[in-house]
There are 2 protein chains.
Amino acid sequence: MEPVSLPPQSRVALCGGTHGNEMSGVYLVRELQKLEKVGSATLTTVISNPRAVQMCKRYTDVDLNRCFTDAILSSPVTDATPYEVRRAQELNTLLGPKGSAGAMDLVCDLHNTTANMGLSLISYSAQDWVILHIYRQIQRKITSAPVRFILLDLPLADAYSQDSLGKHGFSIEVGPQPHGVVRADIFNIMKEAVDQTLDWVQCFNSGSAFEGGEVDDVYTFVKSIDYPRDPETNQITAAIHPQLQDRDFCLLHPGDPMFLMFSGEIVKYEGVEVLHPYFVNECAYYEKSIAFHLARKMTLTIPPLRVKRD
Amino acid sequence: MEPVSLPPQSRVALCGGTHGNEMSGVYLVRELQKLEKVGSATLTTVISNPRAVQMCKRYTDVDLNRCFTDAILSSPVTDATPYEVRRAQELNTLLGPKGSAGAMDLVCDLHNTTANMGLSLISYSAQDWVILHIYRQIQRKITSAPVRFILLDLPLADAYSQDSLGKHGFSIEVGPQPHGVVRADIFNIMKEAVDQTLDWVQCFNSGSAFEGGEVDDVYTFVKSIDYPRDPETNQITAAIHPQLQDRDFCLLHPGDPMFLMFSGEIVKYEGVEVLHPYFVNECAYYEKSIAFHLARKMTLTIPPLRVKRD
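Source: prediction; values computed, not measured.

(A) Broad picture of the overall build of chain A. Within chain A one finds six helices and 15 strands. Relative to its length of 310 residues, chain A is compact, with a C-alpha radius of gyration of 20 Å against a globular reference of 19 Å. Seen through its principal axes, chain A has C-alpha atoms that stretch 65 × 50 × 35 Å. Residue burial in chain A is summarised as follows: out of 310 residues, 57% are buried. As presented, chain A carries roughly 12,500 Å² of accessible surface, and 50% of it is formed by carbon and sulfur atoms. Charged side chains in chain A number 28 positive and 37 negative. The centres of these two groups are separated by 5 Å.

This is the structure in structure tokens:
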């Protein structure tokens, strides 16, 4: 592929506490607040949902990390507007406006999951060379956890998460860690990923050339699977089967066990396509009726990249 | 020791959801609600804090499992009385009254922890032969997790947890499991413990004789350790050190690492006595300023036991 030149990443935002009970990002952002500048980039650190952090809850009214669509960001504010919608509009002013020339060059939002997902980068475009080069550096440099890329195939207007405010943006998702808890091992993996991101930005801005080539372990969303439920009460009647629990990104074949009913029976996967489960038994997805997502694995090719000189 | 005869355990209560986000007990009690009688015993199943279960929170106003002292159970109810205090008094009517002849013979309360504690029984007396014989059966029969006994040395009037409502009572604590999540492996360990408890009751009531002898892996509380905190903001400044995380009930020696500061330094254990940490990094104890408890290990001796015939 042809080499590509892009402008420097001068204004970088690192955000934690978008979900107020995902503690690694909260504590890491508080540490990073002691910095002001990282080499050639100006660093903005944000506790995204301070009310939820204060209460150690995912959110107060609605899930903040679903509030960054164009529709919600431009909705009129009334007395009935949920706190998180107002906060999303504030963050859009601070880090965006989304899609504008004034937006942050790079927004990185820090998350935890109760699923055994290791370290995942989540972003919206298969053609954002900045994000994919950062991912490749993180994957090459970090050996303490598996590193993967989750591609959400949505147009920018419908992109719902906070990282979509930047010209480039991604979430860092690290697990397993119970919500409301901080584990040193998970904190350290997240810190390594942030350090590698800032290192990449510094090298890029300084003029380093990055080789093109293949990008592995990219996963695209196919569909979600809910827990079995009682048809009358809607209550869950099964747990993730032990053969699937903690096996995020492994292959799920037709006939493989998915759920163990509380009464003892096994529920098997009846799909026809071999797919990769992820966000398996994520705490916050119970209320969203999601036991896990299923993904297809792919490889992307990216061009050589360097900074555009003025 | 001299053999002991005790009355049959005719009225047994199994309680879940005392903490509304500890899911194994909630789902297990819902399964058990399909039973009515277990051999010779009448089974009462209780979702202890239905409001908290509904919200998937530990509690709504105050921690229900600290509300079963004589003082709180006899406190007058006003408009300002927290929900959980009123609920504790209801439960005292249903399962107690605490300390009375009308109380349940056996109360078993089901809990989860985010700590890597395996299966623990928690109770108040080193001389409750019923509980200690049940513990010994569970320890002998269950091999899927380590099994231990935590002895809280308090007089009945000050015993604060729900299991203290019964003539005999204990909590079953299983982990690690994130709050708000149900894992099949943890659910199955709890179910095994309940099945063994009910099996023991059935054998005891039917006239089986139980041998006396030594009871191992009994732990008594010594003291609690808090996380390092910023003296101005009171915010936590460290996580449990990776060498201590998930090592519940292992030995902590003077000089062993306890905490890893977010800034990178190590905080070591400076006590003089070698002790056993437990409830290491329990989610719900952050607000109680407890990073972990420390215990001393002991062995108890119990007498042979059988049912007293009328």
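Moving on, there is more to tell.
(B) Seen up close, the pattern of salt bridges. Taken as a whole and assessed by the stated rule, the structure comprises 24 salt bridges over all chains. Linking B:Arg296 and B:Glu273 is a salt bridge whose minimum nitrogen-to-oxygen distance equals 2.7 Å. Of this pair, B:Arg296 sits in strand β14 (residues 292-302) while B:Glu273 sits in the loop between β12 (266-268) and β13 (276-278); the two residues are 23 residues apart in sequence, bridging distant segments of the chain. Each of A:Glu22, A:Arg58, A:Asp63 and A:Lys288 takes part in salt bridges that share partners, so that together they form one network.

(C) Layout of the sheet that holds strand β10 (residues 238-240) of chain B. All names here are of chain B. The three strands are arranged β10-β11-β12 in an open sheet whose pairing can be described as antiparallel. The outermost strands of the open sheet, each flanked by one partner alone, are β10 and β12. This sheet shows a mean twist of 30 degrees between the axes of neighbouring strands, independent of strand direction. Pairing geometry for strand β11 (residues 257-261) and β12, over three bridges, is antiparallel. Looking at β12, one finds that Phe-259 is bridged to Val-267.

(D) Fine view of the interface of chain A and chain B. Contacts between chain A and chain B engage 26 residues on the former and 26 residues on the latter. Buried surface at the junction of chain A and chain B, both sides included, amounts to about 2,400 Å², of which 61% is carbon and sulfur. At the junction of chain A with chain B, the criterion picks out two salt bridges. Breaking the side of chain A that touches chain B down by element, the ones donating at least two residues are α1 (23-32), α6 (184-205) and β10 (238-240) of chain A. A breakdown of the residues in the side of chain A that touches chain B according to their chemical character gives 14 nonpolar, eight polar and four charged.

(E) Summary view of the relation of the copies chain A and chain B. For these two chains of identical sequence, chain A goes onto chain B by a turn of 180 degrees and a shift of 0.0 Å along the axis, with RMSD 0.0 Å. Viewed as a symmetry operation, the transformation between the two copies matches a two-fold axis. Closest approach to the rotation axis within chain A is made by the C-alpha atom of A:Pro178, at a distance of 2.3 Å. Most of the interface of chain A is mirrored in chain B: 100% of its interface residues are interface residues there too.

(F) Representation of the UniProt feature "active site" (unreviewed entry) in chain A. Residue and element names in this part refer to chain A. The residues that UniProt annotates with the feature "active site" (unreviewed entry) are Glu-173. Tracing the backbone shows Glu-173 in strand β8 (residues 168-175). Taking the relative accessible area as the measure of exposure, Glu-173 reaches 7% and is therefore buried. Not counting the four nearest positions on each side in its chain, Glu-173 is found in contact with His-111, Asn-112, Thr-113, Met-117, Gly-118, Leu-119, Ser-120, Ile-122 and Phe-279. Here the side chain of Glu-173 touches Thr-113 through a polar contact of 3.4 Å, landing on its backbone nitrogen.

(G) A look at the packing of helix α5 (residues 129-141) of chain B against helix α6 (residues 184-205) of chain B. Residues and elements named next belong to chain B. At their nearest, the axes of α5 and α6 sit 9 Å apart, and the two run at 125 degrees to each other. Put simply, α5 runs oblique to α6. Relative to α6, the crossing made by α5 is right-handed. Each of Val-130, His-133, Ile-134, Gln-137, Ile-138 and Lys-141 in α5 lies in contact with α6, whose residues at this interface are Ala-193, Gln-196, Thr-197, Asp-199 and Trp-200.

(H) Up close: the sheet that holds strand β11 (residues 257-261) of chain A. All names here are of chain A. Taken together, the three strands give an open sheet; going across it, the order is β10-β11-β12, and neighbouring strands pair in antiparallel fashion. Each edge of the sheet is formed by a strand with only one pairing partner; in this case those strands are β10 and β12 (266-268). Adjacent strand axes in the sheet meet at a mean angle of 30 degrees, parallel and antiparallel pairs treated alike. Sheet topology note: the β10/β11 ladder contains three bridges and is antiparallel. Across the sheet, the residue bridging to Ala-238 is Met-261, located in β11.

(I) Examining the environment of A:Phe262 more closely. Tracing the chain through its elements places A:Phe262 in the loop between β11 and β12. The exposure class of A:Phe262 is buried, given its relative accessible area of 5%. In the structure, A:Phe262 is positioned 158 residues away from A:Met104 in sequence and 48 Å away in space, judged by C-alpha atoms. Sequence-distant contacts of A:Phe262, defined by excluding residues within four places in its chain, comprise A:Ile236, A:Thr237, A:Ala238, A:Ala239, B:Tyr27, B:Glu31, B:Val182 and B:Phe187.

(J) Spatial organisation of the UniProt feature "binding site: Zn(2+)" (unreviewed entry) in chain A. All names here are of chain A. Mapped onto the present numbering, the UniProt feature "binding site: Zn(2+)" (unreviewed entry) falls on His-19, Glu-22 and His-111. What stands out for the annotated residues spanning 93 residues is how close their C-alpha atoms remain, the widest pair being 7.3 Å apart. Tracing the backbone shows His-19 in the loop between β2 (11-16) and α1. Classification of His-19 by relative accessible area gives buried; the value is 4%.

(K) Structural context of helix α5 (residues 129-141) of chain A. All names here are of chain A. The end-to-end C-alpha distance of α5 is 18 Å, a good match for the 18 Å that 13 residues give at a rise of 1.5 Å each. In terms of residue burial, α5 counts as a mostly covered element, since ten of its 13 residues are buried. Among the residues of α5, those classed as buried are Trp-129, Val-130, Ile-131, Leu-132, His-133, Ile-134, Tyr-135, Arg-136, Gln-137 and Ile-138. Residue Asp-128 occupies the N-cap position of α5, its side-chain oxygen lying 3.2 Å from the main-chain nitrogen of Val-130.

(L) The arrangement of the environment of A:Gly39 in detail. Residues and elements named next belong to chain A. Tracing the backbone shows Gly-39 in the loop between β3 (37-38) and β4 (41-47). What makes Gly-39 partly exposed here is its relative accessible area of 48%. Between the C-alpha atom of Gly-39 and that of Asp-199, which follows or precedes it by 160 residues, the distance is 8.9 Å.

(M) Seen up close, unusual backbone geometry. A cis amide bond links A:Gly96 with the next residue in sequence, A:Pro97, at an omega value of -5 degrees. At A:Asn281, a position not held by glycine, the phi torsion is positive, near 60 degrees. Summarising the element assignment, A:Asn281 is placed in the loop between β13 (276-278) and β14 (292-302). Positive phi, normally seen in glycine, also occurs at B:Ser289, with a value near 60 degrees. Mapped onto the secondary structure, B:Ser289 falls in the loop between β13 and β14.

How each quantity is defined
Residues numbered from 1 in each chain as written. Chains lettered and ligands numbered in written order. Predicted model: local features only at pLDDT ≥ 70, side-chain atom pairs only at ≥ 80, totals over all residues. Heavy atoms only, no water. Helix = DSSP H or I, 4+ residues; strand = E, 2+ residues; numbered from the N terminus. Rg over C-alpha atoms; globule rule 2.2 N^0.38 Å. Buried < 20%, exposed > 50% of the residue type's maximum accessible area, 1.4 Å probe, protein only. Areas by Shrake-Rupley, 256 points an atom, 1.4 Å probe, with all protein chains shown as cover. Lys, Arg positive; Asp, Glu negative; His and termini not counted. Charge placed at Lys NZ, Arg CZ, Asp CG, Glu CD. Salt bridge = Lys/Arg side-chain N within 4 Å of Asp/Glu carboxyl O. Pairing = 2+ DSSP bridges. Axes fitted to C-alpha atoms, helices over the stretch in contact; angles between N-to-C directions. Contact = heavy atoms within 4.5 Å. Buried area = accessible area lost by both parts, 1.4 Å probe. Nonpolar A, V, L, I, M, F, W, Y, C, P; charged D, E, K, R; others polar. Least-squares fit on C-alpha atoms with pLDDT ≥ 70 in both. UniProt positions renumbered as here; feature names shortened; annotations may be inferred. Polar contact = N/O pair within 3.5 Å; in protein donor to acceptor, adjacent residues only side chain to side chain. Parallel < 35°, antiparallel > 145°, perpendicular 65-115°, else oblique. Left-handed = near helix turned anticlockwise from the far one by under 90°. Expected span 1.5 Å × (residues − 1).

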